[in-house]
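Spelled out from the first residue to the last, the chains are:
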Amino acid sequence: GDAKAPSKGGGGGGKIGLRTVSLNSLAQDPPYILRLATSSSPLSLVASSSSDQTVKVHSLDVKDGSMSYLLELKGHTKPITSVGFVPGQPKVVYTSSLDGTFAFWDTDTGKPVKMLSAPGKKPLHSATCTGKAAAAGTEEDVFIWDTRTWKALRKLDEFHTDEVTCLQFHPNNEAMLFSSGGDGMINQYDLNQTDEDEVLEATINCEQPVNSFGFFGKKMEYIYAFSTMEEVALFDIDSATALATFPDIRSDLSKSARTEISYLINCHYSRKSERLFICSGSTKGGFLVSHLSKNNLESVVGLQDFTAHSDTVVRDFLWLDDLDTIITAGEDSKMCVWGPKTGGGAPGGPPSGASAAGRKALQAFPWQWEAREGSVQPLRAERKASIRPPGKDERGEKGLNCLFGQRQVPFSPPRACVYLTQLRPPLEPDSGTDE
């Protein structure tokens, strides 16, 4: 369904909704899409790794949201554990795999330009890359190479006691590398240090095996972490201490959405709005992004379209802030592009009559929507979204109702649904506010 986005003056703008759906495979039993990545400059290529150990590369038309298949990157013999584009080289894709190879692919030819591996070709559980260096994690160690010469730089030996599940260079400092492990630790390394006894800068103990992590904050001074036990925690990098933990967040999300949330996906930090969003989903194709304040969890946006994901799991997403667009991908082998359907980009800002809280809410995400079956409706910025369970006379065969502000609209979780809400951690203890 479509809806008009609020314009700068509060009137109608471009239509918002499901723009395009692309299939990675036409097979009767298509492979799952597991991970997505996009080139950052220019933002025109999208790579998706699949359960058949291949990567499909598509071009993205930023004007109409259409995606065109370009080629397949094929060569891994075991599951792919990471995929991304090399910064500064928008036509080079890197992948790591449990087959022990760290591959760099030319998207013009579909051929690898370089294949790296750890000694003994140990399985690679994670990898990351900058324009100058690449890092890959094995069962306990981290190996680093110079991507300009392809020479091995160093080995971070046994700083973990279990597999290295995630690796990331800090967005603002390429000499600062972070790794997480099944041992529950997130390690921070200073690669400017040549002494192996000094390279470990700090360690965050998450007390549970860490599945993935990422950075957020104006200066990327905080870390969010997902545990294998479905717990989410937020940490301050400088002090290596926890800011907040959410031990039963999936249950809380289910209560907020009034539908079963089956799994957590990842987080996205929007530099434009300076907000953190946490994404989760249901086995019916639902995609939930939740707003979490100090004492509250509430829904902000609901998108529905029956031609999107259906009776499936959404495995990954790309949130393209500059385009006000989200791309979702799942086990149905579909990639769905959501966003404005007409040109011109995002609305200019909140309505002039919106309250301060309303302005903040609208700036946190380009639009606010009300959920209607088969459609998307704009929600006035000054109205704060909330959800309550339906009364006995409201349930009917289709289930739920949503209450947005003072307006009640019927809502039933469809076979394919995208929900968008905002996660804002309690990072301002001295503000005196309880948002």
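Provided above is the structure to which this section pertains.
Notes on the structure in this doc start here. Just so we're clear, the structure is a prediction, and the values are computed from it rather than from any experiment.

Rules behind the numbers
- Residues numbered from 1 in each chain as written.
- Predicted model: local features only at pLDDT ≥ 70, side-chain atom pairs only at ≥ 80, totals over all residues.
- Heavy atoms only, no water.
- Phe/Tyr/Trp six-rings, centres within 6.5 Å; stacked < 30°, edge-to-face > 60°.
- Helix = DSSP H or I, 4+ residues; strand = E, 2+ residues; numbered from the N terminus.
- Buried < 20%, exposed > 50% of the residue type's maximum accessible area, 1.4 Å probe, protein only.
- Polar contact = N/O pair within 3.5 Å; in protein donor to acceptor, adjacent residues only side chain to side chain.
- Pairing = 2+ DSSP bridges.
- Axes fitted to C-alpha atoms, helices over the stretch in contact; angles between N-to-C directions.
- Salt bridge = Lys/Arg side-chain N within 4 Å of Asp/Glu carboxyl O.
- Core = buried A, V, L, I, M, F, W, Y, C linked by side-chain atoms within 4.5 Å.
- Disulfide = S-S within 2.5 Å.

### What about the packing of aromatic side chains?
Then comes step 1: For the structure shown, the criterion picks out 15 aromatic pairs.
Then comes step 2: Consider the rings of Phe 287 and Phe 317, whose centres lie 5.3 Å apart with planes at 65 degrees: the pair is edge-to-face. Of this pair, Phe 287 sits in strand 25 (residues 287–292) while Phe 317 sits in strand 28 (residues 314–320), placing them 30 residues apart in sequence. Here Phe 287 matches Phe 317 in class, with each residue buried.
Then comes step 3: The structure contains a cluster of three or more aromatic residues connected by ring pairs, namely Tyr 94, Phe 102, Phe 104, Phe 143, Trp 145 and Trp 150.

### Some thoughts on the environment of Lys 56
Then comes step 1: Structurally, the position occupied by Lys 56 is in strand 5 (residues 54–60).
Then comes step 2: Along the chain, Lys 56 and Leu 73 lie 17 residues apart, while their C-alpha atoms are 6.3 Å from each other.
Then comes step 3: Side-chain polar atoms of Lys 56 contact the side chain of Glu 72, separated by 3.3 Å.

### Thoughts on the pairing of strand 13 (residues 142–146)
Then comes step 1: Buried residues dominate strand 13, accounting for five of its five residues.
Then comes step 2: Alternating positions in strand 13 separate into two faces, Val 142, Ile 144 and Asp 146 on one and Phe 143 and Trp 145 on the other, with burial throughout.
Then comes step 3: Sheet analysis places strand 12 (residues 133–137) next to strand 13, joined by five bridges and oriented antiparallel. By the bridge assignment, Ala 136 is partnered in strand 13 with Phe 143.
Then comes step 4: Where strand 12 folds back onto strand 13 in an antiparallel hairpin, the turn is made up of four residues.
Then comes step 5: As paired strands, strand 13 and strand 14 (residues 152–156) are joined by four bridges and run antiparallel to one another. Residue pairing for strand 14: Ile 144 is matched across the bridge by Arg 154.
Then comes step 6: Taking the residues that link successive antiparallel strands as the turn, the strand 13-strand 14 hairpin has five residues, and the phi of Trp 150 there is positive, at about 65 degrees.

### Focus: the sheet that holds strand 6 (residues 67–74)
Then comes step 1: Pairing is antiparallel across the open sheet formed by four strands, whose spatial order is 3-4-5-6. The two strands at the open ends of the sheet, each matched to only one other strand, are strand 3 (33–38) and strand 6. Adjacent strand axes in the sheet meet at a mean angle of 25 degrees, parallel and antiparallel pairs treated alike.
Then comes step 2: Where strand 5 and strand 6 come together, seven bridges link them in antiparallel fashion. Within the sheet, the bridge partner assigned to Ser 59 lies in strand 6 and is Ser 68.

### What to know about the pattern of salt bridges
Then comes step 1: In total, this model carries 13 salt bridges according to the counting rule given.
Then comes step 2: A salt bridge links Lys 91 to Asp 108; the shortest N-O distance between them is 3.6 Å. One end of the pair, Lys 91, is in strand 8 (residues 89–97); the other, Asp 108, is in the loop between strand 9 (101–106) and strand 10 (111–117), with 17 residues separating them in the sequence.
Then comes step 3: For Lys 122, the salt bridge goes to Asp 141, with nearest N and O atoms at 3.8 Å. Here the residue Lys 122 occupies a position in the loop between strand 10 and strand 11 (126–129), and Asp 141 occupies one in the loop between strand 12 and strand 13, the gap between them amounting to 19 residues.
Then comes step 4: For Lys 122, a relative accessible area of 34% puts it in the partly exposed group.
Then comes step 5: Each of Lys 122, Asp 141, Lys 155 and Asp 157 takes part in salt bridges that share partners, so that together they form one network.

### Considering the nonpolar core
Then comes step 1: Ile 186, Phe 213 and Ile 223 are the most contacted members of the largest nonpolar core, which totals 32 residues.
Then comes step 2: Here the element with the most residues in this core is strand 20 (residues 222–227); it accounts for five residues.
Then comes step 3: One finds Tyr 94, Leu 124, Phe 143 and Trp 145 within the second-largest nonpolar core, a separate group that totals 14 residues.

### Notes on the state of the cysteines
Then comes step 1: Scanning all chains against the criterion turns up zero disulfides.
Then comes step 2: In this structure Cys 267 is not part of a disulfide, and its nearest cysteine sulfur, from Cys 279, lies 6.9 Å away.
Then comes step 3: The exposure class assigned to Cys 267 is buried, which follows from its relative accessible area of 6%.
Then comes step 4: Take Cys 279: its relative accessible area is 0%, and that puts it in the buried class.

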